[in-house]
Amino acid sequence: MLYEIAQAGAIVLLIQDEILVSLIPTLNRRWLPKGRQTAKIYCRSLHPKPQEKLAIFGALNVLTGKVHRFLALAIKKEPFLGFIRRITQYYRNQAPDQLICLVIDGHSAHRAQLVTRWLRGQSRIFCYQLPKNSPELSPIEYFWRKLRKEVTHDAVYPDLRQLRQTSIQFFN
């Protein structure tokens, strides 16, 4: 139903989600000839800062395919609010006559008092919450899968700066 309303031009439909990417690689399967196995390397114990992660907030415009991004150090209410403020500002300029429907999951940052208070004061943006445990309803999950494949699979980054740089290049 929301998709049809967006097609009619009444709303901008955005599917929002977030992902944490780590300096430690996500390991991918590799084919090797029989009897030739690589040595298992435990990167977590070898990396000087294995706990450092980069949070990426994203919103997929369902009609145009444009993905908005916002990088932060954690998935918390303050960066999430900064992200939706940026989205609101962008569409205030790009589509001034349309409402913004932001489809969100049940993350605690989305339900934080700081965020809900700000949303109540806005007339152009409203949120629609997906049912619990339903990532299959969120098309941005396919985008995250591609990001992991191209940015984090089998890649070790020395610091967050380089991981951030590679992630931004992926979006461009």
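Up top is the structure these notes are about.
Note that residues are indexed from 1 along each chain, following the sequence as it is written. Where totals are concerned, whole chains, interfaces and linings use all residues; where local detail is concerned, this predicted model gives features only for residues with pLDDT of at least 70, and gives and counts side-chain atom pairs only at 80 or more. With hydrogens and water excluded, all non-hydrogen atoms of the structure serve as input to the side-chain values.

*Asks:* What should I look at first to understand the overall build of the protein chain in this one?
*Replies:* Under the DSSP-based scheme used, a helix requires at least four consecutive residues in state H or I and a strand at least two consecutive residues in state E, with every element numbered from the N terminus. Along its length, the protein chain carries seven helices and five strands. Overall, the protein chain shows an N-to-C arrangement of helices and strands of α-β-α-β-β-α-β-α-α-β-α-α. Residue exposure (1.4 Å probe, protein chains only): buried if accessible area is under 20% of the type maximum, exposed if over 50%, otherwise partly exposed. Classification of the 172 residues of the protein chain by burial places 41% in the buried group. For the protein chain, long-range pairs separated by at least 24 residues make up 72% of all intrachain contacts whose partners lie at least 6 apart in sequence. Throughout, a residue-residue contact means that at least one pair of heavy atoms, one from each residue, lies within 4.5 Å.

*Asks:* Can you walk me through the sheet that holds strand 1 (residues 11–22) in this structure?
*Replies:* Paired through their backbone hydrogen bonds, the strands of a sheet run either parallel or antiparallel. Pairing is mixed in the open sheet, where five strands are placed in the order 3-2-1-4-5. One side of each edge strand has no neighbouring strand; the edge strands of this open sheet are strand 3 (67–72) and strand 5 (125–129). Adjacent strand axes in the sheet meet at a mean angle of 25 degrees, parallel and antiparallel pairs treated alike. As judged from the six bridges shared by strand 2 (residues 53–61) and strand 3, these two strands associate in the antiparallel manner. Strand pairing is assigned whenever DSSP identifies at least 2 bridges connecting the two strands. Axis lines are fitted through C-alpha atoms, for helices just across the contact stretch, and the angle between N-to-C directions can take any value from 0 to 180 degrees.

*Asks:* What should I look at first to understand the packing of helix 3 (residues 77–94) against helix 5 (residues 113–120) in this one?
*Replies:* Helix packing geometry: the angle between the two helix axes and the distance between the axes. Contact pair helix 3 / helix 5: the axes reach a minimum separation of 9 Å and the direction vectors enclose 20 degrees. Comparing their axes, helix 5 and helix 3 come out roughly parallel. Contacts between helix 3 and helix 5 involve Lys77, Glu78, Phe80, Leu81, Ile84, Arg85 and Thr88 from the first element and Leu114, Val115, Trp118 and Leu119 from the second. Three categories are distinguished: nonpolar for Ala, Val, Leu, Ile, Met, Phe, Trp, Tyr, Cys and Pro, charged for Asp, Glu, Lys and Arg, and polar for the others, with Gly belonging to the last. Tallied by class, residues from the contact of helix 3 with helix 5 come to seven nonpolar, one polar and three charged. Orientation labels follow simple angle bins: below 35 degrees gives roughly parallel, above 145 gives roughly antiparallel, 65 to 115 gives roughly perpendicular, and whatever is left gives oblique.

*Asks:* Looking at this structure, how should I read the nonpolar core?
*Replies:* Note on soluble globular proteins: their nonpolar side chains tend to be buried together. The nonpolar core is taken to be a set of buried Ala, Val, Leu, Ile, Met, Phe, Trp, Tyr and Cys residues, with the residues joined through side-chain atoms within 4.5 Å. If you look at the biggest cluster of nonpolar residues, it comprises 25 residues, and the most contacted ones within it are Leu54, Ile56, Trp144, Leu147, Leu163 and Phe171. In terms of residue count, the dominant contributor to this core is strand 1 (five residues). In contact with Trp144, other than residues within four places in its own chain, are Asp17, Glu18, Ile19, Ile56, Phe57, Gly58 and Phe171. Counting 23 residues, the second-largest nonpolar core is a separate cluster that includes Val12, Leu14, Ala109 and Leu119.

*Asks:* What is the right way to read the pairing of strand 1 from this model?
*Replies:* Within a regular beta strand, the side chains point alternately toward one face of the sheet and then the other, so they alternate between its two faces. Counted residue by residue, strand 1 has 11 buried out of 12 residues, so it is predominantly covered. Bridge count for strand 1 against strand 4 (residues 99–104) is five bridges, and the pairing is parallel. Its bridge partner being in strand 4, Leu14 is matched across the sheet by Leu102.

*Asks:* What should I look at first to understand the packing of aromatic side chains in this one?
*Replies:* Two measures describe an aromatic ring pair: the distance that separates the ring centres and the angle between the ring planes. Pairing of aromatic rings covers Phe, Tyr and Trp, the last through its six-membered ring, and needs centres within 6.5 Å; plane angles under 30 degrees mean stacked, over 60 mean edge-to-face, and all others mean tilted. As enumerated under the stated definition, the model contains nine aromatic pairs in all. A ring pair is formed by Tyr90 and Tyr91, whose centres lie 4.9 Å apart and whose planes are at 85 degrees; its orientation type is edge-to-face. With a relative accessible area of 29%, Tyr90 lands in the partly exposed category. The exposure class assigned to Tyr91 is buried, which follows from its relative accessible area of 5%. Put simply, the rings of Phe57, Phe70, Phe80 and Phe83 touch in pairs and so form one group of aromatic residues.

*Asks:* I'm lost on the pattern of salt bridges in this one. Help?
*Replies:* Between side chains of opposite charge, a pair can form as their charged atoms come close. One side-chain nitrogen of Lys or Arg within 4 Å of one carboxyl oxygen of Asp or Glu is enough to make a salt bridge. As enumerated under the stated definition, the model contains one salt bridge in all. One salt bridge in this structure joins Lys146 and Glu150, with 3.9 Å as the shortest N-O distance. With Lys146 and Glu150 both in helix 6 (residues 140–152) and four residues apart, this pair spans about one turn of that helix.

*Asks:* I tried to follow helix 5 on my own but got confused; where do I start?
*Replies:* Since there are 3.6 residues in each turn of an α-helix, residues three or four apart along the chain are aligned in direction. Taken together, the buried positions of helix 5 are Val115, Trp118 and Leu119. Along helix 5, the residues classed as buried sweep out an arc of 100 degrees about the axis, all on the same side. The outward face of helix 5, more than 90 degrees from its buried face, is lined by the exposed residues Gln113 and Arg120. Each element contacted by the buried residues of helix 5 is listed here: helix 3, helix 4 (108–111) and strand 5. Arc definition: it is the arc formed by the directions from the helix axis to the C-beta atoms.

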